[in-house]
Amino acid sequence: MVGHVTAPAGALADEAPGWVTLIRAPNPGVMTLDGTNTWILRVPGEEHAVVIDPGPLDDGHLDAVAAHAPVGFVLITHGHPDHVEGARALSERLGGCGVIAASREHCIGVEPLDTDESLGGFGLDIRAVSTPGHTRDSVCFEIEAGGERAVFTGDTILGRGTTVVAWPDGDLGDYLASLERLSAYEGVPALPGHGPALADCAAAARFYLAHRKARLEQVRQAVVEGARSAPDVVAKVYADVDRSLWPAAEWSVRAQLAYLGVADGESDSGQVWLDSP
C-alpha cells in the first residue's frame, strides 16, 4: 500500500548556489507547506537580479523582494495565485519590470515565454524547460552561473511531499512525461516552489515517478472494485490521509481517472487553490 508522502523526495541540498537568495512568502498552509518560495538570482558583480515567482499579494513580502532591485525581469513557473498574485504589484515596485510566463495571461510588458529556448543576461544562462502536468503552463528553469547549475522546479517537484495534478488544467500523462524529462538532471539541485532545496533533481523525479505509478495502480484497483466517482476513489485510496488534503487528492484522482479512460461519475466538487487553508 502506498502511503501519503510528507517527507522530502530525496536528500536535501547542503546549500543553494552562491548567486541564489530565498525569500519565503508568509502564506504557510496545507498546500503551500512553509510558504511560497520566491527566488532572487544575482551573480556577483552583476548590477541586475532576476526574480522567480513573486508569490502572493502581500506587501511585506513584495517589499522584501523589491529591496533586491534593480531587477532585470521576473520569471513565472506557473499561474497559480500563490505564485503570481503579487506579480503586477512587484512589477510596479520595480518601475515596470517585465514579467515572463508561459501563459500570456500572466505576462507583463513582454511576449509569452518560448520554452526550451535560452534567455541570456545578467551573468545567468537560463533555459526554460517545458514541464506541463501540474498545470498546463508549468515550466521549470535550468539556470547556470559561475560553474554552478540548478533547476527551479516550481510545483512540478516540491521540497517535501508530492504535488497535485491540478485537473482539468493539469494532465497526468503530461506530468509523467515531465518527470521523465527532469530525471535527466543527475546531481543538479532542485530549488522548488515550496519546501527545502533538494540535492538531486533526477533522484526526486524518479521518486515522484515511482510514487505516481504506484498510486495509479491503487486507483485502477479501486475502479475494479467498483469505485466510479473521484470522491469514492479518494475514500478508498486516501483513507489514511488527513481529510484536509482530500480536496487536493480529488484533483489528482480526477486526473488519474482521465488517464485510465474511466468516466468520473460525479461533477467537479469545486476548485481548491493551492494557497487555500
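Residues numbered from 1 in each chain as written. Predicted model: local features only at pLDDT ≥ 70, side-chain atom pairs only at ≥ 80, totals over all residues. Heavy atoms only, no water.

**As for the sheet that holds strand E8 (residues 139–145)**
Stage number 1. Read from one edge to the other, the open sheet built from 5 strands follows the order E6-E7-E8-E9-E10, with strand pairing classed as mixed. Edge positions in the sheet fall to strand E6 (118–119) and strand E10 (190–192), since each has one partner strand and no second.
Stage number 2. Direction of pairing for E8 relative to strand E9 (residues 148–154): antiparallel, over a ladder of 5 bridges. Each bridged residue has a counterpart across the sheet, and for Phe 141 the counterpart in E9 is Phe 152.
Stage number 3. Where helix H4 (residues 172–182) meets the sheet, its contacts fall on strand E7 (125–130), E8 and E9, and the angle it forms with E7 comes to roughly 145 degrees. (Pairing = 2+ DSSP bridges. Helix = DSSP H or I, 4+ residues; strand = E, 2+ residues; numbered from the N terminus. Contact = heavy atoms within 4.5 Å. Axes fitted to C-alpha atoms, helices over the stretch in contact; angles between N-to-C directions.)

**Regarding helix H7 (residues 246–260)**
Stage number 1. An ideal rise of 1.5 Å per residue puts 21 Å on 15 residues; H7 measures up with 20 Å between its terminal C-alpha atoms.
Stage number 2. Among the 15 residues that make up H7, 11 are buried, leaving the element largely enclosed by the rest of the structure.
Stage number 3. Its buried side turned inward, H7 meets H4, helix H5 (201–224) and helix H6 (230–237).
Stage number 4. The first or second residue beyond H7 is Gly 261, which carries a positive phi of 75 degrees. (Expected span 1.5 Å × (residues − 1). Buried < 20%, exposed > 50% of the residue type's maximum accessible area, 1.4 Å probe, protein only.)

**Considering the confidence of the model for the protein**
Stage number 1. Per-residue confidence for the protein gives a mean pLDDT of 91; residues scoring 70 or more make up 93%.
Stage number 2. Note on residues 267–277: pLDDT is under 50 here. Beyond four places in sequence and across chains, it has 24 contacts. (pLDDT = per-residue confidence, 0-100.)

**Looking at the packing of H4 against H5**
Stage number 1. At a closest axis distance of 8 Å, the pairing of H4 and H5 adopts a crossing angle of 150 degrees. On the basis of their axis angle, the class for H4 and H5 is roughly antiparallel. In this structure, H4 crosses over H5, and the sense of that crossing is left-handed. Contacts between H4 and H5 involve Leu 172, Tyr 175, Leu 176, Leu 179, Glu 180 and Leu 182 from the first element and Cys 201, Ala 202, Ala 205, Tyr 208, Leu 209, Arg 212, Lys 213 and Leu 216 from the second.
Stage number 2. For the contact of H4 with H5, the per-class residue count stands at 11 nonpolar, no polar and 3 charged. (Parallel < 35°, antiparallel > 145°, perpendicular 65-115°, else oblique. Left-handed = near helix turned anticlockwise from the far one by under 90°. Nonpolar A, V, L, I, M, F, W, Y, C, P; charged D, E, K, R; others polar.)

**Some thoughts on the packing of aromatic side chains**
Stage number 1. In this structure the tally under the stated criterion is 2 aromatic pairs.
Stage number 2. Ring geometry for Trp 39 against Phe 152: centres 5.8 Å apart, planes inclined by 70 degrees, an arrangement best described as edge-to-face. Of this pair, Trp 39 sits in strand E2 (residues 37–41) while Phe 152 is found in strand E9, placing the two residues 113 residues apart along the sequence. Each of the two residues, Trp 39 as well as Phe 152, counts as buried.
Stage number 3. Residues Phe 73 and Phe 122 carry aromatic rings whose centres are separated by 5.7 Å and whose planes lie at 55 degrees to one another, so their mutual orientation is tilted. With Phe 73 in strand E4 (residues 71–75) and Phe 122 in the loop between E6 and E7, the pair connects residues that are 49 residues apart, well separated along the chain.
Stage number 4. For Phe 73, a relative accessible area of 11% corresponds to the buried category. (Phe/Tyr/Trp six-rings, centres within 6.5 Å; stacked < 30°, edge-to-face > 60°.)

**Concerning the side chain of Thr 131**
Stage number 1. Note on placement: Thr 131 falls in the loop between E7 and E8.
Stage number 2. Among the residues examined, Thr 131 registers a relative accessible area of 0% and is labelled buried.
Stage number 3. Setting aside residues no more than four positions away along its own chain, Thr 131 makes contact with Ser 138, Val 139, Cys 140, Thr 156, Ser 178 and Leu 182.

**Observations regarding the environment of Ile 157**
Stage number 1. On the secondary structure map, Ile 157 appears in the loop between E9 and H4.
Stage number 2. For Ile 157, a relative accessible area of 0% puts it in the buried group.
Stage number 3. C-alpha separation for the pair Ile 157 and Arg 228, spaced 71 residues apart in sequence, amounts to 29 Å.
Stage number 4. Non-local contacts of Ile 157, meaning those with residues more than four positions away in its chain, are made with Leu 179, Leu 182, Pro 192, Leu 198, Cys 201, Ala 204, Ala 205 and Tyr 208.

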